[in-house]
Amino acid sequence: MSPAAPSAPGPDSRLAGLRRRAELLLLLVRLALRNLLASRLKTLIVGGIILFGAVIVVVGTALLDSIDQSMRRSIVGSLAGDLQVYSSASKDELALYGGMTGDPDLAPFPDYSQVKQALQTLPNVRAVVPMGIAEAAASAGNVLDRALERLRDTVRRQQAGDPDPELPRRLAAELAHVRRIVELVQADQQETAALQQESTQDAAAQADLARALAPAFWEGFHEDPLLALEFLENRIAPQALEGTMLWVRYVGTDPEAFATAFHRLEIIQGTAIPRGQRGILLGNLYYEDWCKLKTARRLDRIREKMQVNQQKLAQDEELQRWARESLSQIGEITKQLDPEESRQAVARLQQALPSATPELPALLRQLLTVTDDNFEKHYRIFYEQLAPLLDLYSVRLGESLTIKAFTRSGYLKSVNVRVWGIFQFRGLEKSTFAGYLSVMDLMSFRDLYGYLTADKAEEIRELKAAAGARPLARDEAEAALFGAPPAPGEPGTLSPEAGSPGPTLLVATSASSVIDEEQMLQAGGGGDRRQARLASRVYSPAEIEQGVALNVAVFLKDPSRTAETIQAITELGRARGLPLRAVDWQQAAGMVGQFITLSRLVLLIAVLIIFLIALVIINNAMVIATLQRVQEIGTLRAIGAQRRLILAMLFVEATAVGLLFGLLGALTGAGIIRLIGWIGIPASTDVLYFFFSGPRLHPTLAAGNVVLACGIVLVVSILSSFYPAWLAMRITPRAAMQREE
Amino acid sequence: MGFTELGIAARNLLAHTKRTVFLGSAIAAVTGLLILLLGLTAGIEQTMLRSGTVLMTGHVNVGGFIKTSSGQAAPLITDYPAILRALEGHVPELHHLVVRGRGFAKGVAETGGAMDLILGGLEIGRETGFRQVVRPVAGSLDDLAAPRTILLFEEQLPRLQVGVGDTLTLSAPTAQGVNNTVDVRVVAIAKSVGLMSTWNAFVSEQTLLELYRLKPGSSGAIQLYLHDQRDAVPVAARLREVLARAGYRVMEADPQPYYMKLFQRVTQEDWTGFKLDVSTWQDELIFMSWILSALNALTTLLLTILGVIVVIGIMNTLWIAIRERTREIGTLRAIGMQRRGVLRMFLLEAGLLGGGGTLAGAGLGLLVAGGINRLQLAVPESVQVVLMNDTLVLAVQPAAVLGAVVAVSSVTVLAAVYPAIRAARLQPVSAMHHFG
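Engineer: Would you take a moment to explain the overall build of chain A for this structure?
Structural biologist: Helix and strand counts for chain A come out as 32 helices and 12 strands. Counting all 741 residues of chain A, 40% fall into the buried class. Considering only intrachain contacts with a sequence separation of at least 6, the fraction spanning at least 24 residues in chain A is 81%.

Put into structure tokens, the structure is as follows:
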């Protein structure tokens with residue numbers, strides 16, 4: 001501590017100096033420890049506050065890091081990639097999950113292949129995936145559609161001479177079911193007319209319905225079943241209003257490239273979208289939450305809450321409400337069943353429950369009246385006995401989904417896409433970020449996205465200086481004219497037009513746009529056929545890539561060099577004249593990303609406040625302790641201790657307390673996190689579910705959390721010893737003696 | 001005697017200036033913080049209530065659903081004059097009521113801008129509270145009386161790129177499942193009233209009926225505004241009974257906004273026809289409640305931690321002070337002060353310290369809050385979602401200030417109880433023998 005000895009510096013004296021310093025330090029530490037032990041109470045109190053602070057820092061930062069990480073994993077692994085690139089000409093900033101006024105307004109890349117090619121020249125880029133994200137209304141068939149489909153199937157089997165002895169009975173049951181639904185349609189319409197005070201039905205539709213309700217129609221059904229079916233499908237089914245309306249959020253992309261780059265993706269039902277074809281893959285969580293029979297889904301969720309969160313039906317109001325809602329939706333189940341199936345359901349339920357009630361609704365009511373005691377049993381009965389008779393999902397694999405979206409110019413466009421499969425991301429099964437997204441082919445996306453305004457399109461055309469649009473339009477028109485439409489009543493004969501990729505210089509968007517406009521003009525059966533033809537068309541990679549994409553996900557070989565690569569992409573864009581703007585995942589996530597930053601900020605402020613108050617209190621305690629030791633310090637000074645020594649002594653004391661209790665606190669915090677990590681924090685509300693990316697958060701500890709905590713408390717304890725140390729330094733031997741009296 | 005003790009306590013505090021200042025400032029900081037946090041929560045609640053109850057809900061709403069088939073539902077009430085007659089005389093708390101249409105449509109401008117809008121259908125002539133909150137920056141609210149007109153908020157302009165006089169096409173699916181469009185003229189642009197005006201727009205009732213192809217007499221909901229919004233829950237319960245007695249089918253209370261009921265519940269339910277649904281403003285705005293509860297949780301947690309630190313600090317200080325003053329206590333006891341007196345003296349000291357500290361803290365909190373409100377600090381989008389506002393507003397209520405002062409002072413006094421008891425237990429003789 002003291003400066004070098006006045007004698008000439010030599011090796012001996014230097015060594016002696018070192019030794020003296022070491023001795024001094026040892027003395028200081030011993031003095032400090034003695035003092036700390038002597039005033040144990042003060043040490044414990046100051047130490048307690050420090051310990052408490054360290055625990056809070058460790059637990060708080062570890063929790064936040066874990067939430068941050070689980071969100072990052074969900075977002076990067078399911079949609080964002082390491083980087084997102086979009087056009088710098090965009091009006092809004094990219095927000096993968098939308099902002100407050102909906103999805104951002106992005107200027108599209110008119111030709112994705114140029115962007116892809118440019119990005120691939122960068123050494124750190126591993127993969128690029130084209131994207132376009134949007135949300136639209138989708139509808140699948142209604143109950144009548146489905147019943148008719150089954151009836152048609154049975155009729156066809158009968159006509160093909162199927163020898164199954166059960167067939168006539170099946171047919172009768174299905175006919176009865178369809179007839180019952182048609183009656184319901186009429187009842188519904190009467191209700192509508194009475195309540196809405198406006199007759200919206202045209203006379204023809206009412207005449208059709210009257211015809212379908214007449215006994216003569218059903219008696220004559222067998223004379224020409226196919227004609228009768230066609231009548232029901234075309235004239236009656238559209239009058240049944242209750243086709244399920246869904247909101248679907250999709251990313252239009254090259255499904256193959258998407259699945260390769262987002263390697264966690266796994267198809268759990270159905271198949272992937274075949275290369276170059278149109279179609280959609282639904283996210284499993286979305287499929288479960290929105291397409292599943294609500295009663296079944298509620299049972300699942302009640303079970304999840306009971307098992308994962310140990311919630312009890314008897315105590316939890318939300319669970320009770322779910323259970324009650326199922327009771328008011330029994331009709332959703334009964335109307336799916338034809339008389340034959342109803343009989344089976346009654347028999348099964350009577351046996352399983354057990355019950356003697358002959359009425360299906362009463363049996364279902366009994367089944368769905370759940371308590372903590374019978375829940376498991378009823379859940380099993382529902383899935384083992386009842387579910388096989390039901391369509392559990394309103395959208396089925398292989399079925400086509402009609403997606404209606406407003407294009408950029410405000411026209412309503414609809415596209416039929418086949419549901420090929422259901423997928424999820426491994427490890428992110430419960431994350432709503434990952435699980436609510438569906439994957440659609442890029443062609444359908446472009447159709448739904450529509451053209452830009454006429455002048456924008458003109459601008460792009462000029463920019464590209466490639467006259468691709470016209471020849472293509474002609475090509476499509478020719479195909480529409482001369483392409484062989486399938487014979488009516490013969491579905492399934494469509495063959496993919498593989499091997500006819502068309503001119504490779506196509507701009508696919510213009511093709512789609514032409515078709516859609518035509519389709520809007522003639523919304524008749526011709527449009528349906530064209531849709532069917534479109535659905536089976538196979539596009540070449542060139543067609544897919546040389547068109548519009550809104551944003552591009554970029555995967556890096558070395559994700560730690562993100563900032564560098566963002567820079568490189570910006571420079572690349574400038575060099576090549578492409579309007580490229582690259583952002584990291586957090587920025588790409590828009591508001592969601594900001595939320596993470598915000599919660600970090602809130603924690604930081606909270607920690608700051610806590611330590612500010614702690615600083616005052618510790619300081620206070622130390623000042624008092626110092627004042628108590630006036631005599632002692634005065635004595636020390638009297639026997640020759642320098643002011644510096646006193647200062648050093650107090651600092652060593654503060655450091656020792658900070659280190660000891662800080663470490664202890666950090667260890668306690670680490671222990672708490674370990675414990676919580678082992679048990680998991682249940683997500684008691686949907687909001688927490690969202691933040692935790694699942695039903696439970698299992699926080700993990702990083703070395704950084706502990707280091708940070710120790711660092712902060714050490715700084716705080718040293719800072720808080722400044723003032724008392726300064727006070728102590730000023731104590732003179734005389735003052736100390738005087739106080740003794 | 002009380003004054004003597006008070007005097008002694010005050011003298012003691014003054015004698016130890018440094019300690020008093022330190023401890024007092026800690027107490028003041030905690031009080032100030034408490035007041036600011038409470039002000040923040042109240043500010044959010046106030047904004048929510050103000051913009052929410054003008055834009056989306058009344059204090060109590062009588063809405064309803066029509067199920068034209070068992071799978072199709074619309075948020076409509078029919079023949080609302082009859083419902084109004086049924087309500088008459090049953091709501092003495094009523095300030096005023098309005099009838100609002102409910103709708104949801106895509107708005108598309110000629111410029112190519114488009115966005116989803118939640119539509120309110122209103123008869124501007126009958127709206128009173130609306131004019132006090134929604135202030136036009138361009139155009140005039142009165143023009144909303146004309147058919148096929150719309151009022152937009154300024155936040156929607158960058159997206160839609162329209163001005164007063166321009167045309168906007170609204171497109172929405174009707175109850176028949178067909179899409180219908182109506183062209184409307186923008187007659188007014190209003191100043192933002194917080195987050196909710198981002199996606200709300202208002203059209204004349206007539207326009208909404210036209211868009212949904214409905215006949216007059218249908219609307220979305222009757223919104224009742226009460227003198228005191230705290231009466232909402234009992235009034236809603238009473239109205240449920242009144243309406244049921246009048247022969248309406250009334251849905252059971254469910255704390256969800258109407259559109260959640262529509263999508264999640266009503267569509268799948270077995271009944272068809274018409275049911276009324278009485279809801280409160282808390283139900284309709286429940287999607288915001290998680291923000292308040294999260295904020296409350298954070299406030300509680302933070303204050304608990306700070307409370308513990310302060311209590312430890314106070315106990316520690318008093319403890320040491322008592323040791324320091326053992327001889328003084330001995331002397332006081334020797335000259336006749338009772339144990340109770342000693343106890344009272346120390347508690348008084350803590351009380352004075354607490355009172356002074358909290359009052360200083362309250363003053364500081366009020367100053368900071370006033371400063372923040374005056375600055376009109378703009379906040380980023382993610383914070384706006386939490387604050388329900390585009391600037392930071394702290395609503396410091398007198399009751400909250402008083403509560404904070406009383407709470408923190410009591411904690412201070414309570415923390416002093418144990419050390420004070422210890423001091424009171426000292427024997428005069430041993431205390432006088434004690435050295436320093």
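From this point, things continue past the structure.
Engineer: Which parts of the structure should I look at to understand the overall build of chain B?
Structural biologist: Broken down by element type, chain B carries 15 helices and 11 strands. For 436 residues, the compact-globule estimate of 2.2 N^0.38 gives 22 Å, and the C-alpha radius of gyration of chain B, at 30 Å, exceeds that figure by more than 25%. Projected onto the principal axes, the alpha-carbon positions of chain B cover approximately 95 × 50 × 35 Å. In chain B, which comprises 436 residues, the proportion classed as buried is 47%. Across chain B, contacts joining residues at least 24 apart in sequence account for 83% of those joining residues at least 6 apart.

Engineer: Help me understand unusual backbone geometry, please; the structure alone is not making it clear to me.
Structural biologist: When glycine is set aside, most residues are seen to have a negative phi, and most peptide bonds are trans. Omega for the peptide link from L353 of chain A to P354 of chain A comes to -20 degrees, which places this bond in the cis form. Residue position: P354 of chain A is located in the loop between α14 (339-352) and α15 (360-368). The phi dihedral of R148 of chain B falls on the positive side, at around 55 degrees, and the residue is not glycine. Looking at the secondary structure, you find R148 of chain B in the loop between β5 (136-139) and β6 (149-153). R148 of chain B sits in the partly exposed class, given 18 other C-beta atoms within 10 Å.

Engineer: What is the right way to look at the nonpolar core in this model?
Structural biologist: Generally speaking, nonpolar side chains in soluble globular proteins are found buried as a group. Grouped together as the largest cluster of nonpolar side chains are 133 residues, with contacts concentrated most on I49, A54, V58, I613 and I617 of chain A together with A26 and V30 of chain B. Examining the composition of this core, we find that 16 residues originate from one element, helix α2 (residues 17-55) of chain B, more than from any other. Filtering out sequence-adjacent residues up to four positions away, A54 of chain A remains in contact with G662, G665, A666, G669, A709, C710 and V713 of chain A. Y112, A138, L428 and I544 of chain A belong to the second largest nonpolar core, which has 132 residues in total.

Engineer: Please explain the packing of helix α2 (residues 40-80) of chain A against helix α26 (residues 591-628) of chain A as it appears in this structure.
Structural biologist: Packed helices, taken two at a time, are described by the angle between their axes plus the distance between the axes. Residues and elements named next belong to chain A. Orientation of α2 relative to α26, taken along the N-to-C sense of each, is 175 degrees, at an axis distance of 10 Å. It follows that α2 is roughly antiparallel to α26 by the angle criterion. Classifying every residue of the contact of α2 with α26 by side-chain character gives 18 nonpolar, 3 polar and 3 charged.

Engineer: I tried to follow the confidence of the model for chain A on my own but got confused; where do I start?
Structural biologist: Where the model shows low pLDDT, its predicted coordinates should not be examined in detail. All names here are of chain A. Across chain A, pLDDT averages 78, with 83% of residues at or above 70. Confidence, read as mean pLDDT per element, is least for helix α21 (residues 508-521) in chain A (38) and greatest for strand β5 (residues 280-283) (94). Segment residues 452-456: pLDDT under 50, and 4 contacts once partners within four positions in sequence are set aside and those in other chains are kept. This stretch, residues 465-527, has a pLDDT under 50; its non-local contacts, to residues over four places away or in other chains, come to 65 contacts.

Engineer: Help me understand the environment of M71 of chain A, please; the structure alone is not making it clear to me.
Structural biologist: Residues and elements named next belong to chain A. Within the secondary structure layout, M71 lies in helix α2. In this structure the C-alpha to C-alpha distance between M71 and G573, which are 502 residues apart in sequence, comes to 30 Å. Leave out the neighbours within four places in its chain, and M71 touches I596 and S693.

Quick notes on the rules
- Residues numbered from 1 in each chain as written.
- Chains lettered and ligands numbered in written order.
- Predicted model: local features only at pLDDT ≥ 70, side-chain atom pairs only at ≥ 80, totals over all residues.
- Helix = DSSP H or I, 4+ residues; strand = E, 2+ residues; numbered from the N terminus.
- Buried ≥ 20, exposed ≤ 12 C-beta atoms within 10 Å, placed from the backbone.
- Contact = placed C-beta atoms within 7 Å.
- Rg over C-alpha atoms; globule rule 2.2 N^0.38 Å.
- Core = buried A, V, L, I, M, F, W, Y, C linked by C-beta atoms within 7 Å.
- Axes fitted to C-alpha atoms, helices over the stretch in contact; angles between N-to-C directions.
- Parallel < 35°, antiparallel > 145°, perpendicular 65-115°, else oblique.
- Nonpolar A, V, L, I, M, F, W, Y, C, P; charged D, E, K, R; others polar.
- pLDDT = per-residue confidence, 0-100.

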